[in-house]
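Fold and contact review
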Amino acid sequence: MTTLILIITATATALIAGLFYGYTCSVNLGLGKLTDREYIAAMNSINVQILNPLFFASFMGTLLLLPLSAYLNYTPGMNTRFILLVSAALVYVIGVFGVTMFGNVPLNDALARLNAETASAKDLSAYRTMFEGPWNFLHNIRTLANVISLILVIVSCCCESK
């Protein structure tokens, strides 16, 4: 059962890392080419649509599975797999979940308060400036943190469990 949970943990971590990486490589680049009005409307639409069961299962599932896998792989003494999984959990909790909840989500909420259809060009430009750079910066942090967490989980899979 411990091995199965570790495999599920690795898969969930990989799914979120892939989502964030894909965003960095394509979605953010494509959105960056839109006008201010189009950009804000598109981001607001994406921010609503991502709140779905598949996303929550992998995003929140990883948040629960990483510490669970660490716990299940704990043994007294030096245990490399446990240390790697605890490290992966900490990186994910702080660098992915924390950055998302305390960085990206508040920015999303602020952007959602602007009606892109009725806002003036000046307001659209100001909101985009307030949002886009900081959001992309925070997104890159959580993407990197998620990839590091994934690497730690993959390496833990290669370690002998004691």
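Going by the structure above, here's the rest.
The text that follows walks through the structure, step by step, so that each part is easy to find. Keep in mind that what you see is a predicted model, and the values were worked out from it rather than measured.

Before going further, it helps to examine the packing of helix 1 (residues 2-32) against helix 5 (residues 121-158). Between helix 1 and helix 5, whose axes approach to 9 Å, the crossing angle comes to 150°. With respect to helix 5, the element helix 1 is oriented roughly antiparallel. In this structure, helix 1 crosses over helix 5, and the sense of that crossing is left-handed. Of the residues that constitute the contact of helix 1 with helix 5, the class distribution is 14 nonpolar, 11 polar and 3 charged.

What follows is about helix 4 (residues 80-112). Compared with an ideal rise of 1.5 Å per residue, which puts 33 residues at 48 Å, helix 4 spans 44 Å between its outermost C-alpha atoms and is within 8% of the ideal. Roughly 45° is the biggest bend found in helix 4, and it falls at Thr100. Of the residues flanking the start of helix 4, the one acting as N-cap is Asn79, its side-chain oxygen 3.1 Å from the backbone nitrogen of Arg81.

One finds Ile16, Phe59, Leu66, Tyr92, Val96 and Val153 to be the most contacted residues of the largest nonpolar core, which totals 20 residues. Of all the secondary-structure elements, those providing two or more residues to this core are helix 1, helix 3 (53-72), helix 4 and helix 5. Top element by residues in this core is helix 4. It accounts for 7 residues. In contact with Val153, not counting residues within four places along its chain, are Leu6, Ala10, Thr13, Leu66, Leu85 and Ala88. Counting 15 residues, the second largest nonpolar core, distinct from the first, contains Ile40, Leu107, Leu124 and Leu138.

So, how was this worked out
Residues numbered from 1 in each chain as written. Predicted model: local features only at pLDDT ≥ 70, side-chain atom pairs only at ≥ 80, totals over all residues. Heavy atoms only, no water. Axes fitted to C-alpha atoms, helices over the stretch in contact; angles between N-to-C directions. Helix = DSSP H or I, 4+ residues; strand = E, 2+ residues; numbered from the N terminus. Parallel < 35°, antiparallel > 145°, perpendicular 65-115°, else oblique. Left-handed = near helix turned anticlockwise from the far one by under 90°. Nonpolar A, V, L, I, M, F, W, Y, C, P; charged D, E, K, R; others polar. Expected span 1.5 Å × (residues − 1). Bend = angle between axes of the 7 residues up to and from the residue. Polar contact = N/O pair within 3.5 Å; in protein donor to acceptor, adjacent residues only side chain to side chain. Core = buried A, V, L, I, M, F, W, Y, C linked by side-chain atoms within 4.5 Å. Buried < 20%, exposed > 50% of the residue type's maximum accessible area, 1.4 Å probe, protein only. Contact = heavy atoms within 4.5 Å.

Function cannot be inferred from these measures alone, as they are strictly geometric.
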